[in-house]
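Here's the letter readout for the chains.
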Amino acid sequence: MNQSGAELTIRTRRAAFNRAIAEGDLSAITQVLGRDVVLVTGSDSAVVSGRNAQLKAWKREFASPARAVYTRTPVSVTVSRVEPVALEQGHWQGVEARSGKALAAGDYVAKWREVLGEWVIVAEIYATLG
């Protein structure tokens, strides 16, 4: 896949991940996460290691009465010319699901890898800035 095709695929998969969060769709989230994905949270820098651990965290979030919806908005996606990896950088925002009230926001970076023809997230780091 050429670089522009990979970038479009990654942006499309990010949009699908955003929809999955909004809809509480664990199955769709599973499709975007690599097996050994690592997430570093924005506020306390907790490390969530592995797809199963992240799915458990999302399941708890979706069941919470104070559920939040998180949206990631990519600013740039840079595809490697030498490895099947890409770096996504952007902004994120969390809002209260019921009211739409802004809860937190910040910046993020995500590393993607093409595995068996599919682009999956292998690492994400979030910083809460507002």
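### Here's the deal with the packing of aromatic side chains
Inspection of the entire model under this criterion finds 6 aromatic pairs. Aromatic pair F17 and W58: ring centres 6.3 Å apart, planes at 75°, arrangement edge-to-face. In this pair, F17 is assigned in helix α1 (residues 3-23) and W58 in helix α3 (residues 51-63), connecting sequence segments 41 residues apart. In this structure, F17 and W58 share a single accessibility class: buried. Judged by centre distance (5.7 Å) and plane angle (25°), the rings of W58 and F62 are stacked. With W58 and F62 both in helix α3 and 4 residues apart, the pair spans about one turn of that helix. There is no split in this pair, since W58 and F62 are both buried. Above the face of the F17 ring, R72 is positioned so that its terminal group lies 5.2 Å from the ring centre.

### Examining the layout of surface pockets
Its volume calculated, the largest pocket comes out at about 430 Å³. Counting only elements with at least two residues in the lining of the largest pocket, the list comes to α3, β3 (68-79), β4 (85-96), β5 (102-115) and β6 (118-128). For the lining of the largest pocket, the element with the highest residue contribution is α3, accounting for 4 residues. In the lining of the largest pocket, the residues fall into 9 nonpolar, 6 polar and 2 charged. Size it by volume and the second largest pocket reaches roughly 190 Å³. In terms of lining, the second largest pocket is formed by R13, T30, Q31, L33, G34, R35, R51, V115, L116, E118, V120 and V122.

### Examining α3
The end-to-end C-alpha separation of α3 is 18 Å, in line with the 18 Å expected for 13 residues at 1.5 Å each. All buried positions along α3 are accounted for by Q54, L55, W58 and F62. Viewed along the axis of α3, the buried residues span an arc of 100°, placing them on a single side of the element. Turned more than 90 degrees from where α3 packs its buried face, N52, K56, R60 and A63 sit exposed.

### Overview of the sheet that holds β5
The strand order across the open sheet formed by 6 strands is β2-β1-β6-β5-β4-β3, and the pairing between neighbours is mixed. Each of the sheet's edge strands pairs with one partner strand only, and the pair in question is β2 (47-49) and β3. Looking at each pair of strands side by side, their axes are set apart by 20° on average, direction ignored. Direction of pairing for strand β1 (residues 33-40) relative to β6: parallel, over a ladder of 4 bridges. When the bridges of β6 are listed, V38 appears paired with A123. Running at roughly 65° to β1, α3 makes contact with β1, β2, β3 and β6 of the sheet.

Rules used in this analysis
- Residues numbered from 1 in each chain as written.
- Predicted model: local features only at pLDDT ≥ 70, side-chain atom pairs only at ≥ 80, totals over all residues.
- Heavy atoms only, no water.
- Phe/Tyr/Trp six-rings, centres within 6.5 Å; stacked < 30°, edge-to-face > 60°.
- Helix = DSSP H or I, 4+ residues; strand = E, 2+ residues; numbered from the N terminus.
- Buried < 20%, exposed > 50% of the residue type's maximum accessible area, 1.4 Å probe, protein only.
- Lys NZ or Arg CZ within 6 Å of the ring centre and 35° of its normal.
- 1 Å grid on protein atoms, 1.4 Å probe; cavity = no way out; pocket = protein on both sides within 12 Å on 5 of 7 lines; lining within 4 Å.
- Points joined across faces, edges and corners; volume = space filled by probe spheres on them.
- Nonpolar A, V, L, I, M, F, W, Y, C, P; charged D, E, K, R; others polar.
- Expected span 1.5 Å × (residues − 1).
- Arc of directions from axis to C-beta.
- Pairing = 2+ DSSP bridges.
- Axes fitted to C-alpha atoms, helices over the stretch in contact; angles between N-to-C directions.
- Contact = heavy atoms within 4.5 Å.

As far as function goes, none of this settles anything; it's purely spatial.
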